[in-house]
Amino acid sequence: MMKMITQFFVGDRHIESAQVLEPHVENRIQGRLEEMRQATRLSLSVAVSYRVKSSASPWQLTTSQDYSSSGIRLILLSPLRPGTEIEMNIKLPEVSDPIHMYGIVVWVAQTSHRHAESRVIEGGVVFNKVQHNPHKETLIYLIANKLCQLGIRATKHLTTLPAQTIDDLKACYNAVYQGYVLRGYCAPHPSQAYYHYYCFLPQSRTFTLKDKDKLLGTISLVVDSPCGLPMDNLFSREINRLRAEGRKLAEVSLLAMAHHEKKKKFFSLTNFDKQVQLFRLFKIIYEYARHVAGVTDLVIGVHPKHETLYKYLMFRAIGSPKSYSEARGNPALPLHFDIIQGEKDYSGSLKEFFVTEKTPQETLCSGVQINADTVRKFLCEEQSIWSKMSPKVQDYFKHCYPYNSFGSKA
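Criteria and cut-off values
Residues numbered from 1 in each chain as written. Predicted model: local features only at pLDDT ≥ 70, side-chain atom pairs only at ≥ 80, totals over all residues. Heavy atoms only, no water. Helix = DSSP H or I, 4+ residues; strand = E, 2+ residues; numbered from the N terminus. Buried < 20%, exposed > 50% of the residue type's maximum accessible area, 1.4 Å probe, protein only. Contact = heavy atoms within 4.5 Å. Areas by Shrake-Rupley, 256 points an atom, 1.4 Å probe, with all protein chains shown as cover. Phe/Tyr/Trp six-rings, centres within 6.5 Å; stacked < 30°, edge-to-face > 60°. Core = buried A, V, L, I, M, F, W, Y, C linked by side-chain atoms within 4.5 Å. Salt bridge = Lys/Arg side-chain N within 4 Å of Asp/Glu carboxyl O. Pairing = 2+ DSSP bridges. Axes fitted to C-alpha atoms, helices over the stretch in contact; angles between N-to-C directions. Left-handed = near helix turned anticlockwise from the far one by under 90°. Nonpolar A, V, L, I, M, F, W, Y, C, P; charged D, E, K, R; others polar.

Trainee: Whenever I open this one, the overall build of the chain confuses me. Can you help?
Mentor: A count of helices and strands for the chain gives 12 helices and 16 strands. Buried positions account for 53% of the 410 residues belonging to the chain. Residue pairs in contact within the chain that sit at least 24 positions apart in sequence constitute 70% of those at least 6 positions apart. Summing over all exposed atoms, the chain offers an accessible surface of approximately 19,200 Å²; the carbon and sulfur share of this is 50%.

As structure tokens, this is what we get:
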């Protein structure tokens, strides 16, 4: 417990000793610790005044070291015992008045840094009852802006494109397979690829994120059609409610970051570098959906533990989690993003990243052209998907790609 918390809050700083919450702390606090350990942490020095909760002691003015949507790391003017509940007034950038929040001190440590001839004392604080705090959305929006700011600078050398070749498609679906098997979202398969027939509909696209020729990640977009969307299998009521409002929908699907290391943690969506790269993938999804496919709204089904990550991208829940048989019983939470409203609401780095900085139209329209031979290869030969498709879906594919023998091998 001590090692985990110290590494997470302090990173590569030199900590000589630390007092942390004992492993037997009540489940409520333990759950918040786990969430905070996984959250993206961003360096930020802002003014913070704090005191022990409900005490008459004077407020002490200090500064933060970093923050996330779940907690904050402070320079403490005097030691506080782990488990102490405190209240804070935090002056965030772009927010006129300080926000008032409560928290629980989870560790206290002296660092090798010195200030006024004494060593600096730092403490990690988990926000208490953050789910019900009216300022949670403010924190999320500030983090999203910071990620976009970093994304603009740190990902210029990376390229995002629609998959350009059949080999690109194979590499993408292999990356999805590797990630899904690792998380228990799909069963092992001899093809070592994971995809669905929606990937091969005329307006669907699979996108790549590359560093030169090295695949870093992939994401797919399925535009609504007579075949529906993958999420219809579980969230038809929520999806139909959006359709009834006259929205043109597309589902974000098959997100994966490629595996270049064996350690499981390396692939976590809570990894900071991965989140910045993820923003680059979602940028091209937004642009293709908006400017090529004429989509007004995006939907996605995610594991509930990743909800905050997608809130950074301005997705919001439109239903409750359900067990998803296609993901081997793992829970899925339906999320929704209104692209047109998002463009109006974006400001700062979010607007610059997703709206102002444009991908050339010829890039968005490029990529491998799906034809009858591609459909036959992936749905009949690589995997036996065709035989499991409903007659209605088969007929639609035959309409889109006239071909006489999808269902039999050459």
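Trainee: Got a minute to help me understand the packing of aromatic side chains in this structure?
Mentor: Describing an aromatic ring pair means giving the distance of the ring centres and the angle of the ring planes. Following the criterion strictly, the structure yields 25 aromatic pairs and no others. When the centroid spacing of 5.9 Å and the interplanar angle of 70° are considered together, the rings of Phe282 and Tyr310 count as edge-to-face. Remark: Tyr310 occurs in helix α7 (residues 307–312) and Phe282 occurs in helix α6 (residues 272–291); sequence separation between them is 28 residues. Comparing Phe282 with Tyr310 shows no difference in burial state: the two are buried. Measuring from centroid to centroid gives 5.6 Å for Phe315 and Phe337, while their planes differ by 40°, and the two rings are tilted. Taken together, the residues span a long stretch of sequence, with Phe315 in the loop between α7 and β14 (316–317) and Phe337 in strand β16 (residues 330–338) at a distance of 22 residues.

Trainee: Looking at this structure, I do not really get the nonpolar core. What am I missing?
Mentor: The nonpolar side chains of soluble globular proteins are, as a tendency, buried together. Tyr173, Tyr195, Phe200, Leu379 and Phe397 are the most contacted members of the largest nonpolar core, which totals 44 residues. Sorting the residues of this core by element identifies α4 (166–183), α5 (232–244), β12 (249–257), α11 (372–382) and α12 (391–400) as the ones contributing at least two each. In terms of residue count, the dominant contributor to this core is α4 (6 residues). One finds Ala293, Leu313, Ile339 and Phe354 within the second-largest nonpolar core, a separate group that totals 41 residues.

Trainee: Help me understand the pattern of salt bridges, please; the structure alone is not making it clear to me.
Mentor: Working definition: two side chains of opposite charge can pair if their charged atoms are close together. Per the counting criterion, the structure on display carries 16 salt bridges. One salt bridge connects Arg247 with Asp338, and the closest N-O pair in it is separated by 3.1 Å. Highlighted residues: Arg247 in the loop between α5 and β12 and Asp338 in strand β16, separated in sequence by 91 residues. On the basis of relative accessibility, which here comes to 23%, the residue Asp338 falls in the partly exposed class. For the salt bridge of Glu382 with Lys377, the shortest nitrogen-to-oxygen distance reads 3.3 Å. Classification of Glu382 as partly exposed rests on a relative accessible area of 34%. According to the relative accessible area criterion, Lys377 is partly exposed, its value standing at 25%.

Trainee: Looking at this structure, I do not really get the pairing of strand β3 (residues 47–52). What am I missing?
Mentor: A regular strand carries its side chains on alternate faces of the sheet. Bridge count between β3 and strand β4 (residues 60–67): 4 bridges; the pairing is antiparallel. Bridge pairing links Val48 to Thr62 in β4. Summarising the sheet, β3 and strand β6 (residues 85–90) pair through 5 bridges and their orientation is antiparallel. Its bridge partner being in β6, Val48 is matched across the sheet by Ile90.

Trainee: It is not clear to me how the pairing of strand β10 (residues 205–211) should be interpreted in this structure. Could you clarify?
Mentor: In terms of burial, β10 is a largely internal element, 6 of the 7 residues being buried. Pairing between strand β9 (residues 159–162) and β10: 4 bridges, direction antiparallel. Bridged to Thr159 within β10 is Lys210. Note: β10 against strand β11 (residues 214–223), 7 bridges, orientation antiparallel. Residue pairing for β11: Thr206 is matched across the bridge by Ser220. Joining the antiparallel neighbours β10 and β11 is a turn of 2 residues, in which Lys212 adopts a positive phi near 60°.

Trainee: Hey, could you run me through the packing of α4 against α11 in this one?
Mentor: For any two helices packed against each other, the geometry is given by the interaxial angle and the distance between the axes. Closest axis-to-axis distance for the α4/α11 pair is 12 Å, and the angle between their directions is 40°. The hand of the α4/α11 crossing is right-handed. Here Ile166, Leu169, Lys170 and Tyr173 of α4 lie close against α11, whose contacting residues are Thr374, Lys377, Phe378 and Glu382. A per-class count over the contact of α4 with α11 returns 4 nonpolar, 1 polar and 3 charged.

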